[in-house]
Amino acid sequence: MDNHDLAAWDAGHVWHAFTQMQEYDPLLIERGQGATLFDTDGNRYIDGSSSLWCNVHGHCHPRLNQALIEQLGRVAHTTNLGLSNPTTTRFAKRLIEAAPAGLERVFFSSDGSSAIEAALKLAFQFWRQCGDPQPSRTKFIAIDEAYHGDTLGATGVGGVPRFGSLFASLTFDAIRIPTPCVRRPLEGSPRLAEASQNTSLEHLENILKRQSHEIAAMIMEPLVQAAAGILVHPPGFLRAVRELTQQYDVLLIADEVAVGFGRTGTLFACQQERVSPDFLCLAKGITGGYLPMAATLTTPRVWNAFLGTHAEKRTFLHGHTYGGNPLAAAVGLESLALFDDQRVLECLPPKIARLRDHIARIATIEHVGDVRQCGMMVGIELVADKARGRSYSWEEKRGMRACLAARKHGALLRPLGDVVVLMPPLCITLDEIDCLAGAAEAGIREATQSLR
Ligand SMILES: *Cc1c(COP(=O)(O)O)cnc(C)c1O
């Protein structure tokens, strides 16, 4: 098959995630180097979405490649059901050393949704078998417009209507609190942000006061609700949630699948508010964007509740075939070494500032209603009418159009509704940030100027 045949076959047979296949216009990416991807026709693009929020140090990184090759020479996969592998054990130790204090145990799986499922089930089972059992604690609190993955448990705690509502009857109901974010244009004044944060916290406190005896855990994305459209929480919100949940002894699940591994400027988002959750869910960036891998970290308190003899039936009867895969662990280990050796986090502030400069300019475009940023995560919201704060109707697909238009200018982007997202690999250079922002701006102008 030549490239043309491959593209046609792909469009007819390969069911792409979150993609209307009838409208799918095939694009085959053949190779990558650093923050750049090349398609089968040799066109180059800045990887503006880090290949869906997971690439960290760039594509085809010599050290990550080498770590993978070395592990391949030993063994590609052995199960972690009842036994282990030195590479996976070393990786587990490094993860725990890097994580917020208190998270000293780790359960491996293969994707973000699975990391969430494990946390939900661990929290649920914990209350049945902890020292002072409280089997009435079966419910979960989640934030409106949260996204925690696509498996049924994760969909239950998720709240992005465009992803979840169809399957509502298949999932369990979470108790919801409003998001503390102000997202609509014109609502961005600091006073409103404060009011919105207080409303959200009041809701939470009322629920906890009334029914904490029924609640197993609260789940949240720390600092940024990514899939909701890069909704950045006001400073202090995470800290306040941690204090409230601690006060009512409700477990806190931090979903750092999107925000982990440097995306917000620190290795983990929780570290910015000196928060240690009871569960830390990691995936996307965990192998630097190389291989599927996920981890659910938790505390000795949770772990201890599962100890006992076989006959006591306290075992966590849950797992995934490829959990803790040694190839993924080898790359994950090397990725953490790169964070240290190349001072990746120390190099971020000028890049974050450069992104901030660009979006300040982009914010003045007629149909850009709001720009939001947390570290290396940026959301640019397109609106029909900025003055009146009126959105485009969803059928117009303005966000998707802007991203497709940006391709012609050398950037691969993926929108969230009408929010154009910039989330490049952390290794991106200042010059590449300029190209990325330029392409996004051109795409946004094209998609919003025409077709009024
Ligand atoms: C992507 C994502 C998930 C799901 O991860 P998958 O690997 O796609 O299953 C869960 N939570 C958040 C915050 C995410 O961004």
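Residues numbered from 1 in each chain as written. Predicted model: local features only at pLDDT ≥ 70, side-chain atom pairs only at ≥ 80, totals over all residues. Heavy atoms only, no water.

## Digging into the overall build of the chain
Rule in force here: Secondary structure elements follow DSSP: runs of H or I of four or more residues count as helices, runs of E of two or more count as strands, with numbering from the N terminus. Only the C-alpha atoms count toward the radius of gyration. The rule for a globule is 2.2 Å times the residue count to the power 0.38. Relative accessible area decides the class of each residue, using a 1.4 Å probe on protein chains only: under 20% of the type maximum gives buried, over 50% gives exposed, and in between gives partly exposed. We call two residues contacting when some pair of their heavy atoms lies within 4.5 Å. Accessibility throughout is a Shrake-Rupley quantity obtained with a 1.4 Å probe, and a residue counts as covered only by protein chains that appear here.
In terms of helices and strands, the chain carries 14 helices and 17 strands. Relative to a compact globule of 452 residues, whose C-alpha radius of gyration would be 22 Å, the chain shows 22 Å and is just as compact. Along the first, second and third principal axes, the C-alpha atoms of the chain reach 65 × 55 × 45 Å. The proportion of buried residues among the 452 residues of the chain is 54%. For the chain, the proportion of contacts with a sequence separation of at least 24, taken over those separated by at least 6, is 71%. By element, 55% of the accessible surface of the chain is carried by carbon and sulfur atoms, the whole surface being about 20,300 Å².

## Description of the pattern of salt bridges
Close approach of charged atoms allows side chains with opposite charge to pair. What counts here: Any carboxyl oxygen of Asp or Glu within 4 Å of a side-chain nitrogen of Lys or Arg constitutes a salt bridge here.
In total, this model carries 21 salt bridges according to the counting rule given. Here aspartate 249 and arginine 301 are joined by a salt bridge, their closest N and O atoms 3.2 Å apart. With aspartate 249 in the loop between α9 (237–247) and β10 (251–255) and arginine 301 in helix α10 (residues 300–304), the pair connects residues that are 52 residues apart, well separated along the chain. Here aspartate 249 falls in the partly exposed class, since its relative accessible area comes to 29%. For arginine 301, a relative accessible area of 40% gives the class partly exposed.

## Topic: the packing of aromatic side chains
Cut-off, in case you're wondering: Note on ring pairs: Phe, Tyr and Trp rings are taken, using the six-membered ring of Trp, and paired if centres are within 6.5 Å. Classes follow the plane angle, with under 30 degrees stacked, over 60 edge-to-face and the rest tilted. Put simply, a charge is over a ring when the Lys NZ or the Arg CZ is close to the ring centre, within 6 Å, and near the line of the ring normal, within 35 degrees.
Scanning the entire structure with this criterion turns up six aromatic pairs. With centroids separated by 6.0 Å and ring planes inclined at 15°, the aromatic side chains of phenylalanine 91 and phenylalanine 108 adopt a geometry described as stacked. Of this pair, phenylalanine 91 sits in helix α4 (residues 86–98) while phenylalanine 108 is found in strand β4 (residues 105–109), placing the two residues 17 residues apart along the sequence. Like phenylalanine 108, phenylalanine 91 is buried. Their ring planes at 75° and their centres at 5.0 Å tell us that phenylalanine 126 and tryptophan 127 sit as a pair that is edge-to-face. The same class applies to phenylalanine 126 as to tryptophan 127, namely buried. Grouped by ring-pair contacts, the aromatic residues Phe107, Phe306 and Phe316 constitute a single cluster. One cation-aromatic arrangement involves arginine 31 over phenylalanine 38; the distance from NZ or CZ to the ring centre is 4.0 Å.

## Re the site of the ligand
This is how it is decided: The rule for a residue being near a molecule or strand is that one of its heavy atoms must lie within 4 Å of it. N or O atoms within 3.5 Å of each other form a polar contact, as long as, within protein, one can give a hydrogen and the other can take it, and as long as residues adjacent in sequence are counted only when both atoms are side-chain atoms. Only Asp, Glu, Lys and Arg are considered charged, only Ala, Val, Leu, Ile, Met, Phe, Trp, Tyr, Cys and Pro nonpolar, and every remaining residue, Gly among them, polar.
Around the ligand, the neighbouring residues are Trp53, Asp111, Gly112, Ser113, Tyr147, His148, Gly149, Glu221, Asp255, Val257, Ala258 and Lys284. One nitrogen or oxygen atom from the main chain of glycine 112 is found 2.7 Å from an oxygen atom belonging to the ligand. Serine 113 places a side-chain nitrogen or oxygen 2.6 Å from an oxygen atom of the ligand. In isolation the ligand offers 380 Å² of accessible surface; the protein chains occlude 84% of this area. Looking at the shell around the ligand, its residues break down into four nonpolar, four polar and four charged.

## So, the packing of helix α3 (residues 62–74) against helix α11 (residues 326–341)
Short version of the rule: Only the contacting stretch of a helix is used when fitting its axis, a line to C-alpha atoms as for every element, and angles between N-to-C directions run 0 to 180 degrees. Should the near helix be turned anticlockwise from the far one by less than a right angle, the crossing is left-handed, and should it be turned clockwise, the crossing is right-handed.
Axis separation between α3 and α11 bottoms out at 9 Å; the angle between their running directions is 145°. Once α3 is placed against α11, the crossing between them reads as right-handed. Residue-level contacts link Arg63, Leu64, Ala67, Leu68, Gln71 and Leu72 of α3 to Pro326, Leu327, Ala330, Val331, Glu334, Ser335, Ala337, Leu338 and Asp341 of α11. The residue inventory of the contact of α3 with α11, partitioned by class, reads 10 nonpolar, two polar and three charged.

## Digging into the domain arrangement of the chain
For the record, the criterion: Domain delimitation in this document rests on an assignment produced automatically or drawn from a domain database. The term buried area refers to how much accessible surface (probe radius 1.4 Å) is lost by two components on association, counted for both of them together.
Here the domain parsing of the chain yields domain 1 (3–56 + 344–449) and domain 2 (66–341). Placing the centre of domain 1 and that of domain 2 at their C-alpha centroids yields a distance of 26 Å. With 35 residues of domain 1 in contact, the opposing surface of domain 2 contributes 31 residues. Across the interface of domain 1 and domain 2, roughly 2,500 Å² is buried in total on both sides, 66% from carbon and sulfur atoms. Among the residues of domain 1 in contact with domain 2, Trp53, Arg372 and Met377 are the three that bury the most area, contributing 24% of the side total. For the interface between domain 1 and domain 2, the tally reads zero salt bridges. Remark: the boundary between domain 1 and domain 2 carries 10 residue pairs in polar contact (both at pLDDT 80 or more). Counting residues per element, the ones that place at least two in the side of domain 1 that touches domain 2 are α2 (50–53), α12 (348–362), β13 (368–374), β14 (377–382) and β17 (419–422). Of the residues forming the side of domain 1 that touches domain 2, the biggest block, five residues, is contributed by β13. A per-class count over the side of domain 1 that touches domain 2 returns 22 nonpolar, eight polar and five charged.

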